[in-house]
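Structural description and commentary
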Amino acid sequence: MSSKHRASKAEHIRRVLATEGDAVAENTQGFNRGRYDSVADLEDYEGLKEEARAIKEDAIERLPELIEELRAAVEDNGGTLYLADDAEDANEYVREVVADADGERVVKSKSMTSEELELNEALDGDGVDVVETDLGEWVLQVADEAPSHIVAPAIHKSRESIAALFDERFDPDRDLETAEDLTMFAREKLGEQIADADVGVTGANFVTADSGTMALVTSEGNARKTVTATDTHVAVAGVEKVIPSVEDLRPFVELIGRSGTGQDITSYLSLLTPPVGSPTLDFQADETGSPDDREFHLVLVDNGRMAMREDDDLRETLYCIRCSACSNSCANFQQVGGHAFGGETYSGGIATGWEAGVEGLDTAAEFNDLCTGCTRCVNACPVGIDIPWINTVVRDRANRSARGGDLDWLVEGLTPDEEPAGVDVQKRVFGNFETLAELGSAFAPLSNWVAGSSVAGAAMERVLGIDDRRDLPTFERETLKSWADGRPDVRNPDREVVLFPDLYTNYMDVNRGKAAVRALEALGADVTVADECASGRAPLSQGMVATAREKARRVADDLLPYVEADKDVVVIEPSDHAIFQREYERLLDADDYEALAANSYEVFEYVYGLLENGASETSLAAGDGREVAYHGHCQQRTLGVDTYTVAVLDRLGFDVATSDVECCGMAGSFGYKQEYYDVSVAVGEELAEQFSTEETGDREVVASGTSCLDQLDDLLDRPSKHPIELVAPRPHGRAE
């Protein structure tokens, strides 16, 4: 990416933050809080998610046969099913249906698939008046803007801005001040349009193959009006919306509203088996006609989906039920919404899969890097889609499709990775951080002086896009590994541990590594520091999957002999513990992955286990009421191991206040990148505010993640540290 492109992207994000950020944050965070509250009321939330996932897996596996079963059901009901190859094919069919109906006006309920097809534009080209009946979609149609959210398309607009829009466009005869005023005004306008419509177009949240029944989930009931007020009903849906039976709707009905907007159930759940059996309506003559005069067309759209079905990495995208939980739980999306974190049609975390599948890699690559892989969307997704992996794979494919230069052969020969020469230089630098760390440590403190100079800062910003407003980490000459090699063994240990020294701990923040060793030794463990310290997280975050796989193999070769010798693997950095638990399943063979995942522990998870199994608390530093403010790492929270840190600190007598933001916003290299600095800081400021209240402002700040510590150090006026440094005993005469 050129420096000009980076600057342009940064400016776009700043503009979105300034004009839409507050409204997007208020609404998405409200939805997200509602999700937590609503799913807590379910007796078996995880069981429902597993059931929904299994239904979608089965449906996509059997999709061709289910489509034919659905075709038979629709035709038996008196309708027509058309399977469209692509957007042009689908639009042509709908245009013909509207023309055959002598349609002058089409009313639509909310449909992301019709947005994907650009159906409105196709009909408008025929002189057809197309009216959106969903309130949010209608507001955007009036404003001539694109949706910024899968479920709540006008989430970026405030009540005041909508009132100003209506005043400008309609010159109403009364003041529109409250939300109720605006809603009633829109209802009156749309009621007139619906009554005069000829064709109704809807989407479909689900379509059941056994009976041709459609499930429509709406907040306003406009879909029902769209269907019943017009004689001709066209439903447009992606082929992935087909599920086997009406009975299979149950888990989705329970999950979709809770996951998307935090509602126990959406305002309107409509189950229709078109053509609907209600009389036709003639509003002009105030007469009703026969239900037999109704016409129904179901347009199922492929548009790349069948190819996604055959793609092992994109296939999961088709399980998506368009609930928006991934958007609402994403800290970056909470700040900028879909006008920055989105493509031609889709927005949020899952958008990368959709855009890559239906539009192409170029479109997906434009916003893909806004997914930092924090994994907060994974637990939020009601069908358990591994959205971060989809984003990583698309990033990798975009890297590999990039055009290199004339010196490709030289780049490939000199870079210590497994990637082709076309990879963006910024990604390449961050993905090869292991090499930089080794060199930085070997030449410290000179390397720190050079990197900290104004000349180097300006050069790195211009060439690499590393924002000069960020302080770079400093390297230490003595690594954790070299320090540990000189320590004597613990006599008669209760446990034997191999400590995985992540890159940051080994080369930069060696003190926290020393603290971890002292704490584990104090609890009766003999500690060996592993030789390998690069888990593959750095290249994986840049979409350099082959390089990450090579590093994962090196780590497995180093650690598995310890595991086979009944030694436990303890990890300080949460993102490295997470890669052992999650991504190594995709990077290693099954046996090696399972062995590492089953025998690796986050450091406080392990400390907690030792204490529970009889280790003495007095071996660690006492809290004595010491007040701390603690931020758990995002991936730590996804795995559910952040609670161990709080439990240990409580047990030792610390007074702990915790944050509740989804992510700190730093996300490894993300916060250093010039184009994303502003959104990173916007996310981080919410965390900083939580640690600057009357209750927390004087507390000592601790955080488990390297990135979290970097972000907090930049945004707060007091230093932060890893919690292991609080609980470790002081150094004493053992090769310290």
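Anyway, here's the lowdown on the structure attached to this text. Please read all numbers here as calculations on a predicted model, not as lab measurements. (Residues numbered from 1 in each chain as written. Predicted model: local features only at pLDDT ≥ 70, side-chain atom pairs only at ≥ 80, totals over all residues. Heavy atoms only, no water.)

1. Notes on the overall build of the chain
Put simply, the rule is: Secondary structure elements follow DSSP: runs of H or I no shorter than four residues count as helices, runs of E no shorter than two count as strands, and numbering proceeds from the N terminus. Every radius of gyration here is taken over C-alpha atoms, with the globule rule written as 2.2 Å times N^0.38, N being the number of residues. Only protein chains enter the accessibility calculation, which uses a 1.4 Å probe; a residue is then buried when its area is under 20% of its type maximum, exposed when over 50%, and partly exposed in between. Note on contacts: a residue pair qualifies if any of its non-hydrogen atoms lie within 4.5 Å across the two residues. Accessible areas in this description were obtained via Shrake-Rupley with a 1.4 Å probe; residue shielding takes into account the shown protein chains only. Counting rule applied: Lys, Arg positive; Asp, Glu negative; His and chain ends not counted. For charged residues, the charge sits on one atom: NZ in Lys, CZ in Arg, CG in Asp, CD in Glu.
Within the chain, the secondary structure is distributed over 36 helices and 20 strands. A globule of 736 residues ought to have a C-alpha radius of gyration of about 27 Å, and the chain, at 28 Å, matches this closely. Taking the principal axes of the C-alpha coordinates as reference, the chain spans close to 95 × 60 × 50 Å. Sorting the 736 residues of the chain into buried and exposed places 59% on the buried side. Once local pairs closer than 6 in sequence are excluded, the contacts in the chain between residues at least 24 apart make up 77%. Total accessible area on the chain is roughly 29,500 Å²; 45% of this is exposed by carbon and sulfur atoms. Between the averaged position of the 67 positive side-chain charges in the chain and that of its 146 negative side-chain charges there is a distance of 5 Å.

2. Some thoughts on the packing of helix α28 (residues 545-564) against helix α30 (residues 590-598)
The following threshold applies: Think of each axis as a best-fit line through the C-alpha atoms, taken over the contacting stretch in the case of a helix, with angles from 0 to 180 degrees between the N-to-C directions. To sort the angles, those under 35 degrees are grouped as roughly parallel, those over 145 as roughly antiparallel, those from 65 to 115 as roughly perpendicular, and the leftovers as oblique. Each crossing gets its hand from how the near helix is turned against the far one by less than a right angle, where anticlockwise is left-handed and clockwise is right-handed. Under the scheme applied here, ten amino acids are nonpolar (Ala, Val, Leu, Ile, Met, Phe, Trp, Tyr, Cys and Pro), four are charged (Asp, Glu, Lys and Arg), and all others, including Gly, are polar.
Remark: α28 packs on α30, axes separated minimally by 10 Å, with the N-to-C direction vectors making an angle of 60°. For the element pair α28 / α30, the angle class is oblique. Relative to α30, α28 is oriented so that their crossing is left-handed. For the pair formed by α28 and α30, the contact residues are R553, A556, L559, L560 and V563 on the first element and D592, A595 and L596 on the second. Grouping the constituent residues of the contact of α28 with α30 by class yields six nonpolar, no polar and two charged.

3. Observations concerning the pairing of strand β13 (residues 495-500)
For clarity, the threshold we go by: Paired strands are those between which DSSP finds at least two bridges.
Two elements, β13 and strand β14 (residues 525-529), share five bridges in a ladder whose sense is parallel. Each residue of the ladder has a partner; that of L499, found in β14, is V529.

4. Details of the pattern of salt bridges
A side chain of one charge can pair with a side chain of the opposite charge when the charged atoms of the two come close. To keep things clear, this is the line we draw: Put simply, a salt bridge is a Lys or Arg side-chain nitrogen that is within 4 Å of an Asp or Glu carboxyl oxygen.
This structure, assessed with the given rule, holds 60 salt bridges. Where D196 meets R105, a salt bridge forms, and the shortest distance between an N and an O atom there is 3.4 Å. With a gap of 91 residues between them, D196 in the loop between α9 (179-195) and β4 (199-202) and R105 in strand β2 (residues 105-108) connect regions that are remote in the sequence. The closest approach of N and O atoms between E521 and R487, which form a salt bridge, is 2.4 Å. Residue E521 is found in helix α26 (residues 510-522), and its partner R487 is found in the loop between α24 (480-485) and β13; the two are separated by 34 residues along the sequence. R487 carries the same exposure label as E521, and that label is buried.

5. Here we look at the nonpolar core
For clarity, the threshold we go by: Throughout, nonpolar core names a set of buried Ala, Val, Leu, Ile, Met, Phe, Trp, Tyr and Cys residues whose side chains join them through atoms within 4.5 Å.
Residues F206, F252, V336, F341, I350, W354 and I385 are the most contacted members of the largest nonpolar core, which totals 56 residues. Of all the elements, helix α2 (residues 45-61) adds the most residues to this core, at five residues. When sequence neighbours within four positions are dropped, the list of residues in contact with F206 reads T213, M214, A215, K241, I243, L249, F252, I256 and I321. In this structure, A515, A516, A519 and I572 belong to the second largest nonpolar core, which totals 37 residues.

6. Looking at the sheet that holds β2
In spatial order, the strands read β1-β12-β7-β4-β2-β3; together these six strands make up an open sheet with parallel pairing. Edge strands, defined here as strands with exactly one partner in the open sheet, are β1 (80-84) and β3 (129-132). Direction aside, neighbouring strands of the sheet carry axes that sit 20° apart on average.

7. What to know about the sheet that holds strand β19 (residues 700-703)
Strand order across the open sheet formed by four strands is β18-β17-β19-β20, with parallel pairing between neighbours. The open sheet terminates on both sides in strands that have one partner only, identified here as β18 (655-658) and β20 (720-721). In the sheet, strand β17 (residues 627-631) pairs with β19 via four bridges, with the strands oriented parallel. By the bridge assignment for β19, H631 is matched with A703.

8. Brief notes about the side chain of N432
Stated formally: Polar contacts, as counted here, are pairs of nitrogen or oxygen atoms within 3.5 Å of one another; within protein the pair requires one atom able to donate a hydrogen and one able to accept it, and residues that are adjacent in sequence qualify only if both atoms are side-chain atoms.
Relative to the helices and strands, N432 resides in the loop between α20 (425-431) and α21 (433-442). Accessibility expressed as a relative area gives 7% for N432, which makes it buried. Within the local environment of N432, its side chain forms a polar contact with the backbone oxygen of R428, the two atoms lying 2.9 Å apart. Residue contacts for N432: discarding those within four places in its chain leaves P416, D417 and M544.

9. Quick look at the environment of L117
In this fold, L117 is placed in helix α5 (residues 112-117). Setting aside residues up to four positions removed in sequence, L117 forms contacts with A87, A90, N91, V236 and V301.

10. Observations concerning the packing of aromatic side chains
Quick note on the threshold: What counts as a ring pair is set by centres within 6.5 Å for rings of Phe, Tyr and Trp (its six-membered ring), and what kind of pair is set by the plane angle: stacked under 30 degrees, edge-to-face over 60, tilted for all other angles. A ring has a charge above it when a Lys NZ or an Arg CZ is no more than 6 Å from the ring centre and no more than 35 degrees off the ring normal.
Under the counting rule described, the total for this entry stands at 15 aromatic pairs. The structure contains a cluster of three or more aromatic residues connected by ring pairs, namely W138, F166, F170 and F185. Note that R322 overlies the ring of W354, its terminal NZ or CZ placed 4.6 Å from the centroid.

11. Here's the deal with α26
Spelled out, the test is: Expected helix span is given by 1.5 Å per residue-to-residue step, counting one fewer step than there are residues.
Along its 13 residues, α26 runs 18 Å from first to last C-alpha, staying within 8% of the 18 Å computed at 1.5 Å per residue. Buried residues of α26: V510, R512, G513, K514, A515, A516, V517, R518, A519, L520 and E521, and no others. Following α26 by one or two positions, G524 adopts a phi angle in the positive range, close to 95°.

12. Topic: the environment of R512
Tracing the backbone shows R512 in helix α26. For R512, a relative accessible area of 0% gives the class buried. Expressed as a C-alpha distance, the spacing of R512 and G623, which sit 111 residues apart in the sequence, is 18 Å. Residue contacts for R512: discarding those within four places in its chain leaves D502, Y504, T505, I572, E573, T706, L709, H722, I724 and E725.

13. Digging into helix α31 (residues 603-612)
Most of α31 is tucked away: seven of the ten residues are buried. Every buried residue belonging to α31 is among V603, F604, E605, Y606, V607, L610 and L611, and all of these are buried. Two or three places before F604, at the opening of α31, E602 has a side-chain oxygen 3.0 Å from that residue's backbone nitrogen. Backbone geometry just downstream of α31 places G614 in the positive-phi region, at approximately 105°.

14. Focus on empty space enclosed by the protein
Operational definition: Throughout, the protein atoms alone are placed on a 1 Å grid, and a set of points is a cavity if a 1.4 Å probe fits but cannot get out or a pocket if it is open with protein on both sides within 12 Å along at least five of seven lines; lining residues have an atom within 4 Å of a point. Grid points are joined across faces, edges and corners, and a volume is the space filled by probe spheres set on the points.
Scanning the model with the defined rule gives four cavities of 30 Å³ or more in all. Counted as a void, the largest cavity has a volume near 150 Å³. Along the wall of the largest cavity there are 19 residues; nearest its centre are C330, C371, T372, G373 and C374. Secondary structure elements with two or more residues in the lining of the largest cavity: α14 (331-336) and α17 (376-380). A class-by-class count of the residues in the lining of the largest cavity yields eleven nonpolar, seven polar and one charged. Quantified by volume, the second largest cavity comes out at close to 100 Å³. Surrounding the second largest cavity, 14 residues form its lining, C320, C323, S324, C326 and C381 being those nearest its centre.

15. A closer look at the state of the cysteines
Any covalent bond linking the sulfur atoms of two cysteines counts as a disulfide. Spelled out, the test is: Throughout, disulfides are identified as pairs of cysteine sulfur atoms within 2.5 Å of each other.
Throughout the structure, instances matching the rule amount to zero disulfides. Cysteine C371 remains unbridged, with the sulfur of C377 as its closest cysteine sulfur at 6.1 Å. Sulfur of C664: no disulfide; nearest cysteine sulfur belongs to C708 and is 4.0 Å away.

16. Here's the deal with the packing of helix α1 (residues 3-39) against helix α34 (residues 677-690)
At a closest axis distance of 11 Å, the pairing of α1 and α34 adopts a crossing angle of 35°. Note on packing geometry: the crossing formed by α1 with α34 is right-handed. The segment α1 lies against α34, with I13, R14, L17 and Q29 engaging D678, V679, A682 and E686. When grouped by side-chain class, the residues that make up the contact of α1 with α34 number four nonpolar, one polar and three charged.

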